[in-house]
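Residue-level listing of the chains:
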Amino acid sequence: MDASQIFQGEPDNYDGVTVTITEPMDASKIFQGEPDNYDGVTVTIAEPMDAAVFTEKLRASLSHWRQEGKKGIWINLPIRFANLVEAAEGFRYHHAEPDYLMLVSWIPNTRDTIPANASHVVGVGALVLNKNTGEVLVVQEKSGYFRNKNVWKLPTGVVNEGEDICDGVAREVEEETGIVADFVEVLSFRQSHKAFLNKKSDLFFLCALTPRSYEIIEQKSEILEAKWMPIKKIRRPAIEPEPRDVQVHGKYLPEEV
Ligand SMILES: NC(=O)c1ccc[n+]([C@@H]2O[C@H](COP(=O)([O-])OP(=O)(O)OC[C@H]3O[C@@H](n4cnc5c(N)ncnc54)[C@H](O)[C@@H]3O)[C@@H](O)[C@H]2O)c1
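Residues numbered from 1 in each chain as written. Predicted model: local features only at pLDDT ≥ 70, side-chain atom pairs only at ≥ 80, totals over all residues. Heavy atoms only, no water.

In the annotation of an unreviewed UniProt entry, the chain is listed under the name Nudix hydrolase and assigned to Brassica rapa subsp. trilocularis. One UniProt comment on the chain, placed under Sequence similarities (unreviewed entry), says "Belongs to the Nudix hydrolase family." Comment text from UniProt for the chain, heading Cofactor (unreviewed entry), reads "Mg(2+)". (UniProt positions renumbered as here; feature names shortened; annotations may be inferred.)

**Student:** Whenever I open this one, helix α1 (residues 51–67) confuses me. Can you help?
**Tutor:** In an α-helix, one turn spans 3.6 residues, which is why side chains three or four residues apart end up on the same side. Here α1 spans 24 Å end to end across 17 residues, near enough to the 24 Å set by a 1.5 Å rise per residue. Within α1, burial applies to Phe-54, Thr-55, Leu-58, Ser-61, Leu-62, His-64 and Trp-65. Those residues of α1 that are buried are in contact with β4 (41–44) and β5 (72–78). The opening residue of α1 is Asp-50, an N-cap whose side-chain oxygen sits 3.0 Å from the backbone nitrogen of Ala-52. A positive backbone phi angle near 80 degrees is found at Gly-69, which sits one or two residues after α1. (Helix = DSSP H or I, 4+ residues; strand = E, 2+ residues; numbered from the N terminus. Expected span 1.5 Å × (residues − 1). Buried < 20%, exposed > 50% of the residue type's maximum accessible area, 1.4 Å probe, protein only. Contact = heavy atoms within 4.5 Å. Polar contact = N/O pair within 3.5 Å; in protein donor to acceptor, adjacent residues only side chain to side chain.)

**Student:** What am I meant to see in the environment of Val-159 here?
**Tutor:** Tracing the sequence through the fold places Val-159 in the loop between β10 (156–158) and α2 (165–177). Judged by relative accessible area, which is 13%, Val-159 ranks as buried. In sequence terms Val-159 and Glu-172 are 13 residues apart; their C-alpha atoms lie 8.5 Å from each other.

**Student:** Could you clarify how one ought to interpret the site of the ligand in this entry?
**Tutor:** Near the ligand, the surroundings consist of 13 residues, among which Phe-146, Lys-153, Thr-156, Arg-190 and Asp-202 are the closest. Contact distances for the ligand include 3.3 Å between a nitrogen atom and a side-chain N or O atom of Glu-141. Within the side chain of Thr-156, an N or O atom sits 2.6 Å from an oxygen atom of the ligand. Elements supplying a minimum of two residues to the shell around the ligand: β10 and β12 (200–211). When residues in the shell around the ligand are grouped by element, the largest group, three residues, is from β10. Partitioned by chemical class, the residues of the shell around the ligand number three nonpolar, five polar and five charged. (Near = heavy atom within 4 Å. Nonpolar A, V, L, I, M, F, W, Y, C, P; charged D, E, K, R; others polar.)

**Student:** Which parts of the structure should I look at to understand the side chain of His-95?
**Tutor:** One can find His-95 in strand β6 (residues 92–97). In contact with His-95, other than residues within four places in its own chain, are Tyr-100, Leu-101, Met-102 and Asn-117.

**Student:** Looking at this structure, how should I read α2?
**Tutor:** A rise of 1.5 Å per residue sets the reference length of α2, with its 13 residues, at 18 Å; its end C-alpha atoms lie 18 Å apart and thus fit the reference within 8%. Residues Gly-168, Val-169, Ala-170, Arg-171, Glu-172, Val-173, Glu-176 and Thr-177 constitute the buried set of α2. Contacts from the buried residues of α2 go to β8 (120–130), β9 (135–141), β10, β11 (181–196), β12 and β13 (223–230). Just downstream of α2, Gly-178 is the residue with a positive phi angle, here 80 degrees.

**Student:** Help me understand the nonpolar core in this model?
**Tutor:** A general tendency of soluble globular proteins is for nonpolar side chains to be buried together. Judged by nonpolar contacts, the single largest core of 20 residues is most densely connected at Phe-31, Ile-45, Phe-54, Leu-58, Trp-65, Ile-75 and Phe-91. Where this core is concerned, the elements lending two or more residues are β4, α1, β5 and β7 (100–106). Broken down by element, the residue count for this core peaks at four residues, all from α1. What Phe-54 contacts, discounting residues up to four positions off in sequence, is Phe-31, Ile-45, Met-49, Ile-75, Leu-84, Ala-87 and Ala-88. Val-169, Phe-205, Cys-207 and Trp-228 belong to the second-largest nonpolar core, a separate cluster that totals 14 residues. (Core = buried A, V, L, I, M, F, W, Y, C linked by side-chain atoms within 4.5 Å.)

Set out below in structure tokens:
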């Protein structure tokens, strides 16, 4: 065995060995990570690596981090290094983004407190009311639950990452119908589960908006038709709200009769 590859220790009278670390660990043999506020470390893999070398360096790093009292160890793995997933012993997936996969391992013998990956998508619905004419902006969608059902509904959409709800709802209205509208207030919200990929929950915010323009230009890819509908024609919700839903949500889903 190459003596330089193992620690040299002092034997004692009880078949034990004491190793005294006298020099700083060779930094090239362990991963250098970014500390976080929860005694964790995030390592971002920037260079291609042989899987066996990766595993060996990770083992040495884990031993070092254990001695330092570190807890959550995160590995940010750009998609081009996905070959290293299997080599990351003891790690699990945390989440994936278009350009990287995040692996994580909780290394102490205490309860794992790593927060779950994002659990909800945030949806918005727009009640765009023209107070002068008493009309509401409604659409028919080309895809989704209401495809081919001849149902008129309020414009809806999903808020982008980092986008405020008030901006997202105005953007969706303009994208789908060409109508420029100003956000006024949130009328209600509701939470539903298993809404996306039969897994993620959905927080849906119904918002009131005031139109600034009135000429409709439909987004051809998603919207079959859009129009201004007299609010008096909105008789009943197309979908009855669930008992636990905030009732206003259902009240404003229009269906022309
Ligand atoms: N659409 C409705 O009738 C309706 C009714 C009530 C509430 N909502 C709420 O409105 C919010 C947004 O819903 P939405 O229906 O407008 O948006 P959505 O989530 O159905 O879709 C948003 C966009 O993503 C696309 N999309 C979604 N899933 C897809 C998939 N599997 N493959 C390809 N493209 C996909 C859609 O075509 C659309 O462009 C949610 O919170 C929802 O609960 C929607």
